[in-house]
Every structure is written in structure tokens, then in C-alpha cells.
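Secondary and tertiary structure notes
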Amino acid sequence: MSMHRRSPLPGTQRLARALVLTAAATTALGMTLGGPAQAAPGLPADPPSKQEVKAQVDRLYEEAEQASERFNAAQEYQKRLQGEADGLQGQVVAAQEELNRLRTDLGAVAAAQYRAGGIDPAVALMLDSDPDGYLNRARSLNQAAERQGATVRQVIDRQLRLDQRRAETTAKLAELEEARRALTESKQQIQQRLTQAQRLLNGLGAAERSRLDAEDAEAAEQRATRGTDRLDLGDQPASSERAAAAFAAAVSRIGSPYVYGSTGPRTFDCSGLMYWSWRQAGVTLPRTSQAQLYAGRRVSLSEARPGDLVIFFRDMHHVGMYAGGGVVVHAPYPGARVRYESVKAMPVAGVVRV
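1. What about the pattern of salt bridges?
Going through the model one piece at a time under the given rule, you end up with six salt bridges. A salt bridge links Arg-181 to Glu-177, with the shortest nitrogen-to-oxygen separation between them at 3.7 Å. Of this pair, Arg-181 and Glu-177 both sit in helix H4 (residues 131-202), four residues apart, roughly one helical turn. Salt bridges here are not isolated pairs; linked through shared partners, they connect Glu-177, Glu-178 and Arg-181.

And the structure:
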């Protein structure tokens, strides 16, 4: 089995671009869901139909999940930078300690030079009873001073470089924190619109709401089921023992609620379910669906086996685990629970064998 390869995490420029896109999408959604449709002056506003409300909710679910995966990526990037900063700080401390030791040694050399500095070297040589010994001592003293000086210069230069890197890392962490805050605000705005859409849904009336729920239930039943009694997953085995263990872990979470940013063990988002399931098999995946696309070897959908990751949508913001028989197990969206779903329910971007 091939272990995962960590993909490059998005840089701050990509994060900033994602924020702009999120803000634009949020603005557009705000225009759509800002309130009841505005009628011409003097005419009553027409309430949205149940199909319009459902379309708005579905769109908001997708926008919310996209924002959640970007937030997960920002958190991973922040963790990496924090680790780099911690490592740099440790190196700076070690370099400072080394520099202090060298300064102590240099002090001893300087003291010896100072004690000998009151007499001209030529006179000291003539007066010394052991001229050869004097020359050897002088040569050794000069060599030691040169070595110490060169070492000090190297350590100082190294410390300056480390200080510069630490400052750069601190700046990156500050920038990333700002991006994370903006992403959090974006998620909050989308959640507000989800709540507003839910109010519209609740305002359809009991009978109309009941019909819509029945239609949704029927559509969901056609695509998926939370049990295996109506599913034919086939008998194709997993690609490895670890894949089988990860698949068993994912199936054991069927019925668990979807929660933004959660990696279990009781609640999950889409990539969090994959992350947790493979951790039970002893493998640490990248945290986001986009990064999980590069966690192993790419295979075609026709080659998919239980335990393989199936990445969905062009921007790869959703992921599930192949279960066999053209079915995946995944955490769908807010308000839904971990369940089986047809792999055809969403556009497939790629299949990965970990």
C-alpha cells in the first residue's frame, strides 16, 4: 500500500482569492435571499415557491461546504506555519547559547592577550627564557582567536538569518490568522442565509412543507439509503487491509450528523469523515478534500474499490469513500447524516487509492 503524499497547501494569495470568490458568492446569495421578492410599487410581493426555496437551500448547502473546506485548508496551513515558527525559535535559542559559550571563551583569550599586551612582542621574545615556547604560545593564541572570531561571525550570521525567518513566519501567521477570521465570518454569513432560507421553508405552510418533505424523501430514497438492506454493494474486496479497515470505520459512522470542521468521532464534515476513517486504519490523510485528491494513486472510477476516496465537483470541495456497487459513504451537507449515496449523485473529479 502506498502511503499518502502531502500536497502543497494553498498560499495566502490563493486564500485571498478564495475569500474574494466567497465574498462575491455571499453577496450574490444575499441579493437572492435578502428577503421576500420585491414587487412593483403598489403590488403585493409574491412568496417564493417551494421549488425556489429548495433551490436556494441546496445552493447554500454547497456554498457552505465550499467555505468549510477552505477554512479547513487555512487551519492546516496555520498549523504548518506554527510548526515552522516553533522550530525556528528552538534553533535561535540553541544558536544564542552557542554564541554565549563562544563569548566566554573569547573573554579568556582577550584576557590573555591583554596581559601580554603591555610588552612589545619583540621585547617579550628577547626576554623569554624559552623563545621557541613563546612563539608556539603566541601562534596558538592567534590561531585560537582567529577560530573563535570566525565561529562568532558564523553564529551571528546564522542567528540573523533565523531571526529574519522567524519574523517572516510571524508575518505569515498574522496574515493567515486574518484570512482565517475572514473565512469564519464568511461561514457565519452563509449560516445566516441558511437560517433565512429555512425560515422561508417553514413559511410554506404545513401542507406544502409536508409535500416538499415527501418529495425530498422519495428522491433521497432513490439515490441512497442509510441501511444495506436495499443496497447491492457487490462483493469486490478492498484494495488492502488498511483500506478495508478504513471502509469499516466509515460505515460504522452511518447516521452521524454533519458538522462543519469536525473530524469525529461523533460528528463529521465530508473530509473529516475520510480523515477519521483512515486514522482508524493507521494512516493520516491530509485534512481537506482538495488535498486528499493527492493522498495516493489515481485510479479510474471503473477501477474503484471499497476504501478508495472519491472526490466530487470541479473545485473538489466534496469527498466520499467508495463502498462498491456504484455507491459511496459520505457526510453529505448540514442537516444531513452520514449515509450511502450513489456515486452518480454528484460530478466525480477523481478517485484516489490510498
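2. Topic: helix H7 (residues 270-280)
Within H7, eight of the eleven residues are buried, which leaves it mostly tucked inside the rest of the structure. Restricting attention to buried positions, one finds in H7 the residues Cys-270, Ser-271, Gly-272, Leu-273, Met-274, Trp-276, Ser-277 and Trp-278. Of the residues one or two after H7, Gly-282 is the one with positive phi, at around 85°.

3. Re the nonpolar core
In this structure, Met-274, Trp-278, Leu-285, Leu-309, Met-321 and Val-329 are the most contacted members of the largest nonpolar core, which totals 32 residues. For this core, the secondary structure elements donating two or more residues are helix H6 (241-252), H7, strand E2 (309-312), strand E3 (318-324) and strand E4 (327-330). Once residues within four sequence positions are removed from consideration, Met-321 is found in contact with Ala-246, Phe-247, Ala-250, Met-274, Ser-277, Trp-278, Gly-307, Asp-308, Val-327, Val-328 and Val-329. Counting residues in each nonpolar core, the second largest holds ten residues, with Val-310, Phe-312, Tyr-322 and Val-351 among its members.

4. Examining the pairing of E3
Burial of E3 is extensive: seven of the seven residues sit out of reach of the surface. In this sheet, E3 lies alongside E2 in antiparallel orientation, the contact comprising four bridges. Note that in E3 the partner of Val-310 across the bridge is Gly-320. What sits between E3 and E4 in their antiparallel hairpin is a turn of two residues, with Gly-325 showing a positive phi close to 65°.

5. Digging into the packing of H6 against H7
Put simply, H6 and H7 touch, their axes get as near as 7 Å, and they point 130° apart. For the element pair H6 / H7, the angle class is oblique. In terms of crossing hand, the pair formed by H6 and H7 is right-handed. Across the interface between the two elements, Arg-242, Ala-243, Ala-246, Ala-249, Ala-250 and Ser-252 of H6 pack against Leu-273, Trp-276, Ser-277, Trp-278 and Gln-280 of H7. For the contact of H6 with H7, the class distribution of residues is seven nonpolar, three polar and one charged.

6. A few points about the confidence of the model for the protein
With 66% of its residues at a pLDDT of at least 70, the protein reaches an overall mean of 75. In this model residues 1-40 is a low-confidence stretch, pLDDT under 50, and it forms 66 contacts with partners more than four residues away in sequence or in other chains. Scored below 50 in pLDDT, residues 224-228 makes eleven contacts in the model with residues more than four places away or belonging to other chains.

7. Focus on the sheet that holds E2
Taken in spatial order, the six strands of this open sheet run E1-E6-E2-E3-E4-E5, and their pairing is antiparallel. Pairing within the sheet leaves two strands with one partner each, and these edge strands are strand E1 (297-299) and strand E5 (339-342). On average, adjacent strands in this sheet sit at an angle of 40° to one another, irrespective of strand direction. Bridging between E3 and E4 involves three bridges; their strand directions are antiparallel. Paired with Tyr-322 across the bridge in E4 is Val-328. Where H6 meets the sheet, it contacts E3, E4 and E5, and its direction lies at approximately 110° from that of E3.

8. Side note on the pairing of E5
Side chains Arg-339 and Glu-341 project from E5 onto one buried face, and the interleaved Tyr-340 and Ser-342 project onto a second face that is buried too. As defined by bridge partners, E4 adjoins E5 across four bridges and the pair is classed as antiparallel. The partner of Val-328 across the bridge, within E5, is Glu-341.

9. What about the environment of Arg-211?
Mapping Arg-211 onto the fold places it in helix H5 (residues 206-223). When the C-alpha atoms of Arg-211 and Lys-50 are compared, they prove to be 9.4 Å apart, with 161 residues separating the residues in sequence.

10. Digging into the side chain of His-317
As for its position among the elements, His-317 is in the loop between E2 and E3. For His-317, the side chain forms a polar contact with the side chain of Asp-315, separated by 2.5 Å. In this structure, His-317 is in contact with Glu-62, Glu-65, Gln-66, Glu-69, Cys-270, Ser-289, Gln-290 and Phe-312, ignoring residues within four places of it in sequence.

11. Some words on the packing of aromatic side chains
What describes a pair of aromatic rings is the distance from one ring centre to the other and the angle between the planes of the rings. In this structure the tally under the stated criterion is two aromatic pairs. A centroid spacing of 5.9 Å and a plane angle of 85° characterise the contact between Tyr-258 and Tyr-260, whose relative ring orientation is edge-to-face. Residue classification places Tyr-258 among the buried positions, given a relative accessible area of 7%. Ring geometry for Phe-268 versus Trp-276: centroids 5.6 Å apart, planes at 65°, classification edge-to-face. Exposure class is identical for Phe-268 and Trp-276. Each is buried.

Rules used throughout
- Residues numbered from 1 in each chain as written.
- Predicted model: local features only at pLDDT ≥ 70, side-chain atom pairs only at ≥ 80, totals over all residues.
- Heavy atoms only, no water.
- Salt bridge = Lys/Arg side-chain N within 4 Å of Asp/Glu carboxyl O.
- Helix = DSSP H or I, 4+ residues; strand = E, 2+ residues; numbered from the N terminus.
- Buried < 20%, exposed > 50% of the residue type's maximum accessible area, 1.4 Å probe, protein only.
- Core = buried A, V, L, I, M, F, W, Y, C linked by side-chain atoms within 4.5 Å.
- Contact = heavy atoms within 4.5 Å.
- Pairing = 2+ DSSP bridges.
- Axes fitted to C-alpha atoms, helices over the stretch in contact; angles between N-to-C directions.
- Parallel < 35°, antiparallel > 145°, perpendicular 65-115°, else oblique.
- Left-handed = near helix turned anticlockwise from the far one by under 90°.
- Nonpolar A, V, L, I, M, F, W, Y, C, P; charged D, E, K, R; others polar.
- pLDDT = per-residue confidence, 0-100.
- Polar contact = N/O pair within 3.5 Å; in protein donor to acceptor, adjacent residues only side chain to side chain.
- Phe/Tyr/Trp six-rings, centres within 6.5 Å; stacked < 30°, edge-to-face > 60°.

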